[in-house]
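Residue-level listing of the chains:
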Amino acid sequence: MLLIASDMKSTEGIRLAFKFGDWSPTQAQWMLASRCIQSEEKDRIGKFVFKKDAKAAMAGRLLLRKVVSDHLDIPYQAIKFSRSEKGKPMLTNPLPDGYIKDFSVNISHAGDWTVLAASFDSPVGVDVMDINAPRGSQSVSAFFRLMKRQFTPIEWTFIQGATSGSKQMARFYRHWCLKESYVKALGEGIGYDLQKIEFRCVSEDLHVGHMVTDTGIYLNGKQDVNWLFEESMIDTCHCVATAINTEKKNATYSPVSFKEINFEELLRTAVPFLEEDLSYWTAFNQKQERPGVRLALLISKVRSLMNKLNSVGEIESPCLTPSNVWNQGVKIQSRS
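Once a new chain begins, its residue numbering starts again from 1 and follows that chain's sequence as written. In keeping with the model being predicted, local features are shown solely for residues with a pLDDT of at least 70 and side-chain atom pairs are shown and tallied solely at 80 or more, while totals for entire chains, interfaces and linings include all residues. Hydrogens and water molecules were not included; the side-chain quantities draw on all heavy atoms of the structure.

1. Points about the sheet that holds strand 8 (residues 197-200)
The strand order across the open sheet built from three strands is 8-9-10, with neighbouring strands paired in antiparallel fashion. Lying at the two open borders of the sheet, with one neighbouring strand each, are strand 8 and strand 10 (222-223). Between any two strands, at least two bridges found by DSSP are needed for them to pair. Only DSSP runs of H or I with at least four residues qualify as helices, and only runs of E with at least two residues qualify as strands; both kinds are numbered from the N terminus onward. Strand direction decides the pairing type here: strand 9 (residues 216-219) and strand 10, joined by two bridges, are antiparallel. Its bridge partner being in strand 10, Tyr 218 is matched across the sheet by Gln 223. Contacting strand 8 and strand 9, helix 6 (residues 165-186) crosses the sheet at an angle of about 130° to strand 8. Here, two residues are considered to be in contact whenever any of their heavy atoms come within 4.5 Å of each other. Where helices are involved, their axes are fitted lines through C-alpha atoms of the stretch in contact, as for all axes, and angles between N-to-C directions lie from 0 to 180°.

Here it is, written out as structure tokens:
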């Protein structure tokens, strides 16, 4: 959890979104971005096989640094992140007296978007999902059979109660967003037992330009009223959920909508602190945007086999995720 000055607690929170799927970095942009993150993060991003994943991760690092630079009393070039044992980014900068440990920030990326949610007085978690993410060659019913253990009977009744396969998949991804946002707000990893968490949705479907906050969370069958979930469609293909612990919030709290920013806004307060590295651009520019059809099919078949083994108990997997079935390449938001 990050730190924030006590005189900024009146701010409700921050929601930022960057559409990396529409970003085709120029040489100047990619080299500038790579100079504004820590060297270890730069190296990590450079190891991604596909441009799509590198862009998503780069946007996440830059969003984190932007929020800390804009709202904490730390010079941009001095911001230092490390990672917890579970892979969660942690701000390691020492701060002066008068700062309190109440600022929480979380990022997620999937499909075309990287999103960030921050709260000034309570834990927060966020997750974004592409509701059209491919299932390989599987039917909706086959996909649901593989994922059966991740949702409760009440949740499955809601998901499968939609009138079409596409709407059922949208509800599936909506529930996955909700569960991941909550687990990330707790700071837990992928080993959390999702059967312990049950969401009961009042609003049937999500729509662009409209936020719902009426979904309830039940833990081991008992409602926890100390959590609020802000849900919306960030565009027609991506749903997003933000989990907020409301114990410290008053009755006047207003949900916060996501604000889309472009590359110039993302780096408006950035200060480059690494040396220029032309080879970093060259390596990035030579990569494919995403997996080709044949490779994607192979990935999908391997992941489907792993899921089948998991579903009959032949292998142990602490938490089966949709990325085990998708042919979407690397999905790292759970560790962000």
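2. Digging into the layout of surface pockets
Cavity: a set of points on a 1 Å grid over the protein atoms alone where a 1.4 Å probe fits but cannot get out. Pocket: an open set with protein on both sides within 12 Å along at least five of seven lines, its lining residues, like those of a cavity, having an atom within 4 Å of a point. Grid points are joined across faces, edges and corners, and a volume is the space filled by probe spheres set on the points. Of the pockets and cavities examined, the largest pocket occupies roughly 270 Å³. Forming the boundary of the largest pocket are 13 residues, of which Ile 131, Lys 167, Ala 170, Leu 206 and Met 233 lie nearest the centre. If one sorts the elements of the lining of the largest pocket by residue count, helix 6 sits on top with five residues. Gly is placed with the polar residues, together with every amino acid not listed as nonpolar (Ala, Val, Leu, Ile, Met, Phe, Trp, Tyr, Cys and Pro) or charged (Asp, Glu, Lys and Arg). Partitioning the lining of the largest pocket into residue classes produces five nonpolar, four polar and four charged.

3. Some thoughts on the packing of helix 1 (residues 27-34) against helix 8 (residues 278-285)
Where helix 1 contacts helix 8, the two axes come as close as 9 Å, and the packing angle between them is 120°. It follows that helix 1 is oblique to helix 8 by the angle criterion. Here helix 1 runs over helix 8; the crossing is right-handed. Touching Gln 27, Trp 30, Met 31 and Ser 34 of helix 1 are Leu 278, Tyr 280, Trp 281 and Phe 284, all from helix 8. Roughly parallel means an angle under 35 degrees; roughly antiparallel means over 145; roughly perpendicular covers 65 to 115; every other angle is labelled oblique. A crossing counts as left-handed when the near helix is turned anticlockwise from the far one by less than a right angle, and as right-handed when that turn is clockwise.

4. Some thoughts on the packing of aromatic side chains
Within a pair of aromatic rings, the relevant descriptors are the distance that separates the centres and the angle that separates the planes. We call Phe, Tyr and Trp rings a pair once their centres come within 6.5 Å, taking the six-membered ring for Trp, and we label the pair stacked below 30 degrees between planes, edge-to-face above 60, and tilted otherwise. Counting across every chain of the model gives 19 aromatic pairs. Between Trp 23 and Phe 263, the aromatic rings sit 5.3 Å apart at their centres with planes inclined by 25°, giving stacked as the arrangement. Here Trp 23, found in the loop between strand 2 (14-18) and helix 1, pairs with Phe 263, found in helix 7 (residues 263-266); they are 240 residues apart in sequence, far enough to count as distant. Taking relative accessible area as the criterion, Trp 23 reaches 6% and is therefore assigned buried. Look at Phe 144 and Phe 172: their rings are 5.7 Å apart centre to centre, the planes differ by 25°, and that puts the pair in the stacked class. Of the two residues, Phe 144 sits in helix 4 (residues 140-146) while Phe 172 sits in helix 6, which places them 28 residues apart along the sequence. Accessibility expressed as a relative area gives 4% for Phe 144, which makes it buried. Buried residues are those whose accessible area, probed at 1.4 Å on protein chains only, stays under 20% of the maximum for their type, while exposed residues exceed 50% and partly exposed ones sit between those limits. Phe 172 sits in the buried class, given a relative accessible area of 0%. Through successive ring pairs, a cluster of aromatic residues spans Phe 18, Trp 23, Trp 30, Phe 263, Tyr 280, Trp 281 and Phe 284. Over the aromatic face of Phe 158 sits the side chain of Arg 171, whose NZ or CZ is 4.3 Å from the ring centroid. Geometrically, a lysine NZ or arginine CZ counts as sitting over a ring once it is within 6 Å of the ring centre and also within 35 degrees of the ring normal.

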